[in-house]
4 protein chains.
Amino acid sequence: MNHADLRAFARRRLPRGLFEYIDRGTEDEVALDVNRAAWDALKLLPSVLVDVSTVSIRTELFGRALAMPAIVAPTAMAGLVWLDGEVAVARAAAQMGIPFCVSTQSVTPIERIVAEAGGDIWFQLYVWKDRALSYGLVDRAQASGARVLVVTVDCPVSSNREYNERNGFGLPLRPSVRAGFDVLTHPRWLTGVLLKMLLRNGLPSFAHYPPEFRTEVTRTPASDRVDVAADLGWDDIAELRRRWRGPVVLKGIQRLEDAERAAALGLDGIVVSNHGGRVLDSSRGTADALPEIADAVGGRLTVMVDSGIRRGSDVVKALALGAKAVLVGRPVLYGAAIAGADGARRYLDILRAETERSLALAGRTSLIDLSRELVWRE
Amino acid sequence: MNHADLRAFARRRLPRGLFEYIDRGTEDEVALDVNRAAWDALKLLPSVLVDVSTVSIRTELFGRALAMPAIVAPTAMAGLVWLDGEVAVARAAAQMGIPFCVSTQSVTPIERIVAEAGGDIWFQLYVWKDRALSYGLVDRAQASGARVLVVTVDCPVSSNREYNERNGFGLPLRPSVRAGFDVLTHPRWLTGVLLKMLLRNGLPSFAHYPPEFRTEVTRTPASDRVDVAADLGWDDIAELRRRWRGPVVLKGIQRLEDAERAAALGLDGIVVSNHGGRVLDSSRGTADALPEIADAVGGRLTVMVDSGIRRGSDVVKALALGAKAVLVGRPVLYGAAIAGADGARRYLDILRAETERSLALAGRTSLIDLSRELVWRE
Amino acid sequence: MNHADLRAFARRRLPRGLFEYIDRGTEDEVALDVNRAAWDALKLLPSVLVDVSTVSIRTELFGRALAMPAIVAPTAMAGLVWLDGEVAVARAAAQMGIPFCVSTQSVTPIERIVAEAGGDIWFQLYVWKDRALSYGLVDRAQASGARVLVVTVDCPVSSNREYNERNGFGLPLRPSVRAGFDVLTHPRWLTGVLLKMLLRNGLPSFAHYPPEFRTEVTRTPASDRVDVAADLGWDDIAELRRRWRGPVVLKGIQRLEDAERAAALGLDGIVVSNHGGRVLDSSRGTADALPEIADAVGGRLTVMVDSGIRRGSDVVKALALGAKAVLVGRPVLYGAAIAGADGARRYLDILRAETERSLALAGRTSLIDLSRELVWRE
Amino acid sequence: MNHADLRAFARRRLPRGLFEYIDRGTEDEVALDVNRAAWDALKLLPSVLVDVSTVSIRTELFGRALAMPAIVAPTAMAGLVWLDGEVAVARAAAQMGIPFCVSTQSVTPIERIVAEAGGDIWFQLYVWKDRALSYGLVDRAQASGARVLVVTVDCPVSSNREYNERNGFGLPLRPSVRAGFDVLTHPRWLTGVLLKMLLRNGLPSFAHYPPEFRTEVTRTPASDRVDVAADLGWDDIAELRRRWRGPVVLKGIQRLEDAERAAALGLDGIVVSNHGGRVLDSSRGTADALPEIADAVGGRLTVMVDSGIRRGSDVVKALALGAKAVLVGRPVLYGAAIAGADGARRYLDILRAETERSLALAGRTSLIDLSRELVWRE
Ligand SMILES: Cc1cc2nc3c(=O)[nH]c(=O)nc-3n(C[C@H](O)[C@H](O)[C@H](O)COP(=O)(O)O)c2cc1C
Ligand SMILES: Cc1cc2nc3c(=O)[nH]c(=O)nc-3n(C[C@H](O)[C@H](O)[C@H](O)COP(=O)(O)O)c2cc1C
Ligand SMILES: Cc1cc2nc3c(=O)[nH]c(=O)nc-3n(C[C@H](O)[C@H](O)[C@H](O)COP(=O)(O)O)c2cc1C
Ligand SMILES: Cc1cc2nc3c(=O)[nH]c(=O)nc-3n(C[C@H](O)[C@H](O)[C@H](O)COP(=O)(O)O)c2cc1C
């Protein structure tokens, strides 16, 4: 059983529109392949005859221990792949001893996730046009107990997901004959997720929108005040830095200058990310972006990376190139789509085992041993 | 809906001979792939936290405003994909606020296009063997109101389009059983385009040939005096420069020296182009040719580029590499083949939206912000 | 008839679980392709007009003559592809005049192989957790007459063979409906190998485990004392060096530093190997690793190489890059699976003929003529 | 109609064994692809606004005019694709104004070819073990009127053509049920070629073997004295140089040193060739070998090139890289297989037209204008 098997199962389980919403990239899906190709192009140069009878992949992020150097990435509508999906995934993360990052676009409110799943909860923020409302949400996340604020900065405008449009699965979700047929032909999701949701609260809605603007996921938001702010700037970040008591991280850095600026502003971390290839299809692979960025700012803030991380060997490579941890997005959702918290944990278990094995096979016993000389590229 | 969808629709709508005439390249069609691969190999390095709430892709070319940095490329026989196709396409361009370049090989005379479509009309010239006749055509284009003269210099001899020969779709069009069957099995084109043409004026003819040599597109030109001049030289260009009151542009530059010479001659612009991969199959991708050329002469004349531009991200890349605007050929014709002016505009709308989105996602708000440092290549 | 034909025949003959156990790599099987691609990327620059009417590929390894510069690699459970498979393969090697390396995980004891096959027998050691037991095995191998001790150092922990798990073909072999069906549908293997084994000794067991821990291959070892030692270190190697009277070779070196250290320790040889792409899927091709390693330590110890060697031209390349000999794994097993010793010899015959031919076509008459200048890489 | 169409027709016409004998490469057929890839990787940088109303591809080789810079390559058993195939092909070459090179392994004697086809006849020599017999053949060729002696030096031992073996189409041809069925299912070749041959002279034989050793192509040569000499050396070449009154050319040079030595020996020419990918499958593409060789010795002797030349653009590239002419092998045979002399000429016509067109599109009017700066490679 590996990540690809989980994906194959999830594909069968979920309505096609929902599966593609999760799985695909943008435009010609070049970035999806580029991300994978960049990780695959890196080779490890293992050292032999090192005692690897005990290896540890434990680490620490912003003062808290992690059982492995991974965070569950924030994903919009994780809550749709399983009943109370966000709680399920958060629970899996807690059980595994790693952080779960709640998305602004979650269908379950952060308070419920904190209460029901526990663990190390982070909060991902899409800043809205209306800053006051946004600050309200930030305060709410802080109050709920979220520890780290992750501000996503790589999609100031919506991305071009042509297949969503075709599947009737953009945001808002638009009911259509095609979508209806899609749902009816996936009865386990229909009965196990959709009907239960409907019976309980009706159609799911975006839980973090202010109540007056909260609409079902099938409708456009009631106001453009909760649109993602296209005018987000470094000043906003400075302001968020002031408000948030705890680490602040920028997610979606692809350029050295921006990493430098984040460090200069005294932020705590960045995520080198192209949003899993979902936003700008002409992005380079994050494995290509990471080294120069980690070299430049790794000493001043915590560098994390995501986009295309699938195997333990990818984790080892990322850390050897200077990242402190990785975020994993889709594979966790595939797991959750199959079996909720157990499914999500299944993937995280595989990832942990693979990371430990890759570390041992590389002749390293702990994450501090990882450095650039382990990696070779033609 | 994207450019590839339009192409798929056009393929079903048009007789195969006509579709392939538009769609394909030459010989082994290596250049078609090379063009795309060269654009795809370029990656953008987006800047984050830039206020992109308003982005503008407006520009100005030779003293006139363009709503976006694109020109509809001159294409022979655009008039065959839709009834009065050239007028339809020109109308779309005018509605979009960008120039349309009429081809020497148009089946609609430039005067009618100017009159019925309006907008910013450019004229593309194939110089004929008989220079006097050619000058006559140039004067006629000037009189009609065409603003820019685009002299195509990359096909002094005809190119090797084996599939056209096979499809009976070289120039002249040669009626054959195969071609007849092809037409009959595409009834919408037959009744919507061909029959209407026949009822109105009989078989279409090349509208810019002098009346005494004008023949139907199914016949060889009545005289070799209207053959494309194989002996076209820099002197001819100097003469055209003298005659034309307005900007003169050379289309089909692939080599630095030629760009330098065009600049030295005081020309107004060049189009770095391999004719969409239709002429010399061993051409390098224009994305590979552009940077050195733009660096060398970009300060002295207006550099444009075409061949394989499909997405907004390609436009952003082209401008970041030093082009002032791009030309788009085939996708406009695919649109026109489906729904005339509306179809052509549909593609141009997509291109505009994508260009704006790519610009915003790159963290740039206007075209002046685009420069080499935005682009990365492995 | 070539190696690929043998593979195709073996695939039909063997139960799928067994075939895949032999044939496949690990995780995404990237290393399998990378190994081949690295050999294929090397080109030979043949010299012409050299008298190649007699070419010799004879060589000498650790004081003993070899008819060609190849050793049959140690492979676990070679004994399952044919009745008494290890004896068959060893016999083929002896007949060909090249060494056979017995695996620790052999199902036939080394004493029987030495007795029945003769020839130049090497012994491959997986050091066990319990060193005393391991030394016992080493002494036993020495006593049996094995000449060279090959210590495998590249798999301190088990590798990730997902397909084995799926096929019920990890170690231990786990009987399952699927595995049963697999066996029943391959009657020639069932009657020719399995039933005969069962009638004779019952299920095969690992012949080199100490009797008290020896279990059938379908059971987990009776004790973790015979697990491969994850804490194997350079000290262990020094100790083995002291104990073994004869050449000691490390198998599984991919990194320059480790090769240097082996040389410093006074070892006799190393095998540059990624275990045929079966252990760390992110390994670089051994053809990429070999040159720098051979340059650095080739003067001090004997460098050998394996992983992906299939054709005689690969052998010539390996030697031109500085290896003294190659090991070949899978193709010998494919041959044995089809026709026992004859089949194994069939492959070795092909390899010899190809090596001679490649040498002659390269314009070289003996292996000493091979050096770096023969090889070209883009 | 292009070279690929001719190949497709030939494939249908010829028995599979014969077609594959001509068409395929050796071992894994890597060199076939490498040859094409190397030509395709070269791009032309066309100059515009050059008067190309008359272009000439005429050239001169060893004092005799050629209508285009191409020679029909020597091919064994060309005589089997069409009745009197060698005469047909030679006739086509003569009509086109280019040389035809008769192979030592021709089934038609050179005297008949000279007499019936005329034109510029070259003779390709495989030196036999028995030098006296070989000199006899050389004298015979000289007496027949052959002008240039081409000594093939790249296959001192036979190559590894596994598919020939499989098809029963190695040399000697071995009759088999499979071969028989193959022939019966290709009736046009059976009746048009084979039966006519049988009725006339019985099975064809190698026409240049001394009468006492001449055997039908289905038998092994009667003596190993006519085996290709594996001990051919530079002394033999010096001797041939002394004997032959006229230009002497070495065919099959891939290495700079050998080219240098040929020049030092005062030879007249070399053919940079890997025998069309038929001999050493690990060869680099000849387009990669050519430039350094032409740079080094192009001033001292005539450099020619072959292997993978298909299109006129390949010819232009070869000449721009320093070759004086190219040899073309397979495509001429495809043409001949379809329609004898007419078919062969058909291909040569296409090649001429393509070469002229490519030259013109490159903005060059004659072959002397071709130099390195025309070619670009990434
Ligand atoms: C279905 C889905 C929804 C996502 N939603 C968000 C989101 O709301 N906020 C955010 O910052 N990133 C979001 N992302 C991006 C992820 O946080 C992460 O960057 C990406 O998934 C990493 O790539 P991977 O999926 O290849 O691991 C989403 C990704 C997916 C697949
Ligand atoms: C059907 C067709 C006809 C064309 N006719 C002309 C023409 O008459 N004159 C000219 O200069 N270019 C002509 N071109 C080339 C275009 O102006 C332009 O350079 C090319 O289409 C750009 O590549 P693209 O199609 O990939 O955008 C033609 C292209 C096509 C596809
Ligand atoms: C089925 C199989 C079993 C193997 N078992 C062992 C083993 O027990 N010990 C060892 O050192 N290597 C083992 N290897 C690795 C081989 O010794 C050798 O390194 C590898 O097969 C070389 O690659 P090749 O198969 O591409 O020639 C095994 C390989 C295979 C295919
Ligand atoms: C069927 C066939 C037979 C050949 N026989 C000979 C031969 O007898 N002597 C020789 O020097 N080359 C021989 N060659 C090689 C050709 O002379 C030439 O080098 C090669 O065909 C060039 O590659 P191309 O086929 O891609 O043009 C033969 C090639 C083919 C395809």
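Only a predicted model underlies this, so the values are computations on that prediction, with no experimental measurement involved.

1. What to know about the overall build of chain A
Step number 1: In terms of helices and strands, chain A carries 14 helices and 12 strands.
Step number 2: Here chain A has a C-alpha radius of gyration of 20 Å; the compact-globule value for 378 residues is 21 Å, and the two agree.
Step number 3: Overall, chain A is about 60 × 45 × 40 Å in size when its C-alpha atoms are taken along their principal axes.
Step number 4: Residue burial in chain A is summarised as follows: out of 378 residues, 65% are buried.
Step number 5: Sequence-distant contacts in chain A: of pairs separated by 6 or more residues, those separated by 24 or more amount to 73%.
Step number 6: Charge centroids of chain A, computed over 48 positive and 46 negative side chains, lie 5 Å from each other.

2. Re helix α11 (residues 256–264) of chain A
Residue and element names in this part refer to chain A.
Step number 1: Of the residues making up α11, those classed as buried are Asp258, Ala259, Ala262 and Ala263. The buried residues of α11 occupy one face: seen down the axis, they fall within an arc of 140°.
Step number 2: Contacts made by the buried residues of α11 are with α10 (234–243), β8 (248–253), β9 (269–272) and α12 (286–297).
Step number 3: Looking one or two places after α11, you find Gly266, whose phi comes out positive at around 80°.

3. Remarks on the environment of Lys129(C)
Residue and element names in this part refer to chain C.
Step number 1: Along the chain, Lys129 turns up in the loop between β6 (121–125) and α6 (131–144).
Step number 2: Overall, Lys129 belongs to the partly exposed group, its relative accessible area being 46%.
Step number 3: In sequence terms Lys129 and Thr59 are 70 residues apart; their C-alpha atoms lie 37 Å from each other.
Step number 4: If we ignore the near neighbours within four places in the chain, the residues touching Lys129 are Asp224, Arg225, Asp227, Val228 and Ala229.

4. Some remarks on the interface of chain D and chain B
Step number 1: The interface is formed by 28 residues belonging to chain D together with 34 residues belonging to chain B.
Step number 2: Of the roughly 2600 Å² buried between chain D and chain B, counting both surfaces, carbon and sulfur atoms make up 52%.
Step number 3: The three residues of chain D that bury the most area against chain B are Val48(D), Leu49(D) and Leu361(D), which together make up 29% of that side's buried surface.
Step number 4: In this structure, the connection of chain D to chain B is made through 4 salt bridges.
Step number 5: The residue Asp28(B) makes a salt bridge to Arg311(D) at a minimum N-O spacing of 2.8 Å.
Step number 6: There are 10 residue pairs in polar contact (both at pLDDT 80 or more) connecting chain D and chain B.
Step number 7: Of all elements in the fold, only α1 (3–13), β1 (43–44), α13 (312–320) and α14 (330–361) of chain D reach the threshold of two or more residues within the side of chain D that touches chain B.
Step number 8: A per-element tally of the side of chain D that touches chain B places α14(D) first, with 4 residues.
Step number 9: Partitioning the side of chain D that touches chain B into residue classes produces 13 nonpolar, 5 polar and 10 charged.

5. Some thoughts on the site of ligand 2
All names here are of chain B.
Step number 1: Not every one of the 23 residues close to ligand 2 is listed here, only the nearest: Pro74, Ser103, Thr152, Asp306 and Gly308.
Step number 2: One of the side-chain nitrogen or oxygen atoms of Thr152 is found 2.6 Å away from an oxygen atom of ligand 2.
Step number 3: In isolation ligand 2 has 610 Å² of accessible area, and contact with the protein removes 98% of it.
Step number 4: Of the residues assigned to the shell around ligand 2, the class counts are 8 nonpolar, 10 polar and 5 charged.

6. Some details on the site of ligand 4
Residue and element names in this part refer to chain D.
Step number 1: As a matter of local geometry, ligand 4 sits amid 23 residues, with Pro74, Ala76, Ser103, Thr152 and Asp306 nearest to it.
Step number 2: Between ligand 4 and Thr152 there is a distance of 2.6 Å, counted from an oxygen atom to a side-chain nitrogen or oxygen.
Step number 3: Between ligand 4 and the protein, one listed contact pairs an oxygen atom with a backbone N or O atom of Gly308 at 2.8 Å.
Step number 4: Among the elements of the structure, α2 (16–23) and α14 are those that each provide at least two residues to the shell around ligand 4.

7. A few points about the pairing of strand β10 (residues 302–305) of chain A
Residue and element names in this part refer to chain A.
Step number 1: Of the two faces of β10, the one lined by Thr302 and Met304 and the one lined by Val303 and Val305 are each fully buried.
Step number 2: Inspection of the sheet shows β9 paired to β10 by 4 bridges, in the parallel sense. Looking across to β10, one finds that Val271 is bridged to Met304.
Step number 3: Read from β10 through helix α13 (residues 312–320) to strand β11 (residues 325–328), the crossover connection turns out right-handed.

8. A look at the packing of aromatic side chains
Step number 1: For the structure on display, the rule yields 16 aromatic pairs over all chains.
Step number 2: With centroids separated by 5.6 Å and ring planes inclined at 85°, the aromatic side chains of Trp128(B) and Tyr209(B) adopt a geometry described as edge-to-face. Of this pair, Trp128(B) sits in the loop between β6 (121–125) and α6 (131–144) while Tyr209(B) sits in the loop between α9 (187–201) and α10 (234–243), and the two are 81 residues apart along the sequence. Each member of the pair, Trp128(B) as well as Tyr209(B), carries the same accessibility label: buried.
Step number 3: With a centroid separation of 5.2 Å and an interplanar angle of 35°, the aromatic rings of Phe206(D) and Tyr209(D) are classed as tilted. Neither Phe206(D) nor Tyr209(D) differs from the other in exposure class; each is buried.
Step number 4: Members of the aromatic cluster, each reached through a chain of ring pairs, are Trp128(A), Phe206(A) and Tyr209(A).
Step number 5: The ring of Tyr21(B) carries the charged tip of Arg278(B) above its face, separated from the ring centre by 5.2 Å.

9. Focus: the interface of chain A and chain C
Step number 1: At the interface, 28 residues of chain A touch 34 residues of chain C.
Step number 2: Summed over both partners, the interface of chain A with chain C comes to about 2600 Å²; 52% of that surface belongs to carbon and sulfur atoms.
Step number 3: Together, Val48(A), Leu49(A) and Leu361(A) form the three largest contributors to the area buried by chain A at its contact with chain C, with a combined 28%.
Step number 4: Linking chain A with chain C are 4 salt bridges, by the criterion used here.
Step number 5: Arg311(A) is paired through a salt bridge with Glu27(C); the nearest N and O atoms lie 3.9 Å apart.
Step number 6: Our count for the chain A to chain C interface comes out at 10 residue pairs in polar contact (both at pLDDT 80 or more).
Step number 7: Counting only elements with at least two residues in the side of chain A that touches chain C, the list comes to α1 (3–13), β1 (42–44), α13 and α14 (330–361) of chain A.
Step number 8: Sort the elements by how many residues they give to the side of chain A that touches chain C and α14(A) lands first, with 4 residues.

10. Observations regarding the arrangement of the chains
Step number 1: Between chain B and chain C there is no contact; the minimum C-alpha to C-alpha separation amounts to 17 Å.
Step number 2: In this structure chain A stays clear of chain D, and the shortest span between their C-alpha atoms is 17 Å.

11. Details of the relation of the copies chain D and chain B
A rotation about some axis, followed by a shift along it, carries one copy of the chain onto the other.
Step number 1: The operation relating chain D to chain B is a screw motion whose rotation component is 90°, with 0.0 Å of axial translation and a residual RMSD of 0.0 Å. Taken together, these values place the two copies in the relation of a four-fold axis. Within chain D, the C-alpha atom positioned nearest to the axis of rotation is that of Glu378(D), 8.6 Å from it.

12. Considering the UniProt feature "active site" (unreviewed entry) in chain A
Residue and element names in this part refer to chain A.
Step number 1: Within the UniProt annotation, "active site" (unreviewed entry) is assigned to His275.
Step number 2: If we skip the residues at most four places from it in the chain, His275 touches Tyr126, Thr152, Asp154, Cys155, Lys251, Asp306 and Ser307.
Step number 3: Among the polar contacts listed, one links the side chain of His275 to the side chain of Asp154, at a separation of 2.8 Å.

13. Observations concerning the side chain of Ser134(C)
All names here are of chain C.
Step number 1: Turning to its location among the elements, Ser134 is positioned in helix α6.
Step number 2: Given the relative accessible area of 1%, Ser134 is considered buried.
Step number 3: A distance of 2.8 Å separates a polar side-chain atom of Ser134 from the backbone nitrogen of Trp128.

14. Overview of the packing of helix α3 (residues 30–41) of chain C against helix α12 (residues 286–297) of chain C
Residue and element names in this part refer to chain C.
Step number 1: Relative to each other, α3 and α12 sit at 60°, their axes nearing to 7 Å. The angle between α3 and α12 falls in the class oblique. Between α3 and α12, the contacting residues are Asn35, Ala38 and Trp39 on the first element and Thr286, Ala287, Asp288 and Leu290 on the second.
Step number 2: For the contact of α3 with α12, a count of residues per class yields 4 nonpolar, 2 polar and 1 charged.

15. A short note on the packing of helix α2 (residues 16–23) of chain A against α14(A)
Residue and element names in this part refer to chain A.
Step number 1: Look at α2 against α14: their axes get within 10 Å of each other, and the N-to-C directions meet at 155°. As far as their axial angle goes, α14 and α2 are roughly antiparallel. From α2, Phe19, Ile22 and Asp23 reach across to α14, where they touch Arg330, Leu333 and Tyr334.

16. Focus: the environment of Ala238(D)
Step number 1: Mapped onto the fold, Ala238(D) is located in helix α10 (residues 234–243).
Step number 2: When the C-alpha positions of Ala238(D) and Leu267(D) are compared, they lie 8.8 Å apart, and in sequence the two are 29 residues distant.

Rules used throughout
- Residues numbered from 1 in each chain as written.
- Chains lettered and ligands numbered in written order.
- Predicted model: local features only at pLDDT ≥ 70, side-chain atom pairs only at ≥ 80, totals over all residues.
- Heavy atoms only, no water.
- Helix = DSSP H or I, 4+ residues; strand = E, 2+ residues; numbered from the N terminus.
- Rg over C-alpha atoms; globule rule 2.2 N^0.38 Å.
- Buried < 20%, exposed > 50% of the residue type's maximum accessible area, 1.4 Å probe, protein only.
- Contact = heavy atoms within 4.5 Å.
- Lys, Arg positive; Asp, Glu negative; His and termini not counted.
- Charge placed at Lys NZ, Arg CZ, Asp CG, Glu CD.
- Arc of directions from axis to C-beta.
- Buried area = accessible area lost by both parts, 1.4 Å probe.
- Salt bridge = Lys/Arg side-chain N within 4 Å of Asp/Glu carboxyl O.
- Polar contact = N/O pair within 3.5 Å; in protein donor to acceptor, adjacent residues only side chain to side chain.
- Nonpolar A, V, L, I, M, F, W, Y, C, P; charged D, E, K, R; others polar.
- Near = heavy atom within 4 Å.
- Areas by Shrake-Rupley, 256 points an atom, 1.4 Å probe, with all protein chains shown as cover.
- Pairing = 2+ DSSP bridges.
- Right-handed = clockwise from strand over helix to strand, strands pointing away.
- Phe/Tyr/Trp six-rings, centres within 6.5 Å; stacked < 30°, edge-to-face > 60°.
- Lys NZ or Arg CZ within 6 Å of the ring centre and 35° of its normal.
- Least-squares fit on C-alpha atoms with pLDDT ≥ 70 in both.
- UniProt positions renumbered as here; feature names shortened; annotations may be inferred.
- Axes fitted to C-alpha atoms, helices over the stretch in contact; angles between N-to-C directions.
- Parallel < 35°, antiparallel > 145°, perpendicular 65-115°, else oblique.

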